[in-house]
Amino acid sequence: MTTEDIRGTDVSLMRPQVSAEAEHYADTYTTPPSAAVAALLEETQRVTPHPIMAGGIKEARLLQGLMRLMNARSVLEVGTFTGATALAIAEALPDGGRVTTIEMDDSVASVAKRHFDASEHGNKIELLLGDAREILRTLDGPFDLIFIDALKQQYIEYYDVLIPKLSERGVIAADNVIWFGLPWNPEATDPETEGVRAFVEHVRSDPRTRQVVLTVGDGLMLIWPNGTGSA
Ligand SMILES: C[S@@+](CC[C@H](N)C(=O)[O-])C[C@H]1O[C@@H](n2cnc3c(N)ncnc32)[C@H](O)[C@@H]1O
């Protein structure tokens, strides 16, 4: 982690919420990334100023497990960065499956695109360049899995547009809801922390859905429609 701010968030206030020993243990007993995802992560470390933004392997493996349970064929990711999670998702999709991923920063998207093109699973990935707030309105769905991992102060906007585009058995996974412990730190008042606070409250008060917050990685909130089979 750098000592400078990440998009206005004071990193000196950020704290890992799981002990280093527990993270190491969980990493040890989680299937490592494929060679293609490992190469992508290695380049991300070398060429990007904030490689910490790349999705962790435990979250990627968790998403793959969920996809298997639900026979996911159609996945949407908001926030590609250099493409680690999109590539891991594509690797878990059956032939004919599709992951659509959206990124507004050309410099990181070009790294992602190069790795997608080099992968045998790249033909399952559609990379859309631009502002997700505009692009999401143009997508039809339905999506079996939606991974929200872009600007925290925009999460509510993504969520409200995407809830109707979730398939009947679909799940939304919203990343970084633990946000290094900042949501419950009164000293943290930056826009992204405020965005996380507002988002989790918004979901909690939404009668359309059920949800759980997992402490894996930087916190993953799984959200699903409150319909038949939901208690
Ligand atoms: C945390 S990173 C995504 C990490 C990626 N999902 C992974 O697992 O490797 C967030 C990304 O969202 C992008 N982003 C932020 N706001 C966006 C928006 N409104 N539209 C599209 N991309 C956005 C940023 O440029 C950044 O690359």
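Anything mentioned here points back to the structure above.
Residues numbered from 1 in each chain as written. Predicted model: local features only at pLDDT ≥ 70, side-chain atom pairs only at ≥ 80, totals over all residues.

Novice: Please give an account of the site of the ligand that cites residues and values.
Specialist: Contacts to the ligand come from 21 residues, most closely from Gly55, Gly79, Phe81, Thr85 and Ala132. Taken together, the elements giving at least two residues each to the shell around the ligand come down to α4 (84–92), β2 (98–103) and α6 (132–138). A per-class count over the shell around the ligand returns 10 nonpolar, 5 polar and 6 charged. (Near = placed C-beta within 6 Å. Helix = DSSP H or I, 4+ residues; strand = E, 2+ residues; numbered from the N terminus. Nonpolar A, V, L, I, M, F, W, Y, C, P; charged D, E, K, R; others polar.)

Novice: Residues and numbers for the nonpolar core, please.
Specialist: The tendency in soluble globular proteins is for nonpolar side chains to be buried side by side. Counting residues in hydrophobic clusters, the biggest one holds 60 residues, and the most contacted among them are Leu87, Ile89, Leu145, Ile146, Ile148, Ile172 and Ala174. Sort the elements by how many residues they give to this core and α4 lands first, with 7 residues. In this view, leucine 145 contacts Leu63, Leu66, Met67, Ala72, Val75, Gly170, Val171 and Ala173; residues no more than four positions away in its chain are not counted. (Core = buried A, V, L, I, M, F, W, Y, C linked by C-beta atoms within 7 Å. Buried ≥ 20, exposed ≤ 12 C-beta atoms within 10 Å, placed from the backbone. Contact = placed C-beta atoms within 7 Å.)

Novice: Mind laying out the pairing of strand β7 (residues 220–225), listing which residues take part and the relevant values?
Specialist: In this structure, strand β5 (residues 166–175) lies alongside β7, joined through 4 bridges in antiparallel fashion. By the bridge assignment for β7, aspartate 175 is matched with leucine 220. Pairing of strand β6 (residues 209–214) with β7 involves 6 bridges; the strand directions are antiparallel. In the sheet register, arginine 210 faces β7, and the bridge partner there is tryptophan 224. (Pairing = 2+ DSSP bridges.)

Novice: For the packing of helix α3 (residues 57–69) against α4, give the residues involved together with the corresponding values.
Specialist: In the contact formed by α3 and α4, the axes pass within 9 Å of each other and the chain directions differ by 30°. Put simply, α3 runs roughly parallel to α4. As for the relative orientation of α3 and α4, their crossing is right-handed in sense. Within the contact between the two elements, α3 uses Ala60, Leu63, Gln64, Met67 and Arg68 and α4 uses Ala84, Thr85, Ala88, Ile89 and Ala92. Residues of the contact of α3 with α4, tallied by class, amount to 7 nonpolar, 2 polar and 1 charged. (Axes fitted to C-alpha atoms, helices over the stretch in contact; angles between N-to-C directions. Parallel < 35°, antiparallel > 145°, perpendicular 65-115°, else oblique. Left-handed = near helix turned anticlockwise from the far one by under 90°.)

Novice: Outline the environment of glutamine 45, listing residues and values.
Specialist: Position of glutamine 45 among the secondary structure elements: in helix α2 (residues 35–47). Considering only alpha carbons, one finds glutamine 45 and arginine 68, 23 residues apart in sequence, at a separation of 29 Å.

Novice: Hey, could you go over the environment of tryptophan 224 for me, with residue numbers and the actual values?
Specialist: Structurally, tryptophan 224 can be placed in strand β7. Look at tryptophan 224 and you get partly exposed, because 19 C-beta atoms sit within 10 Å. A C-alpha to C-alpha distance of 6.4 Å links tryptophan 224 and glutamine 211, two positions 13 residues apart in sequence.

Treat this as a map of the structure, not an account of what it does.
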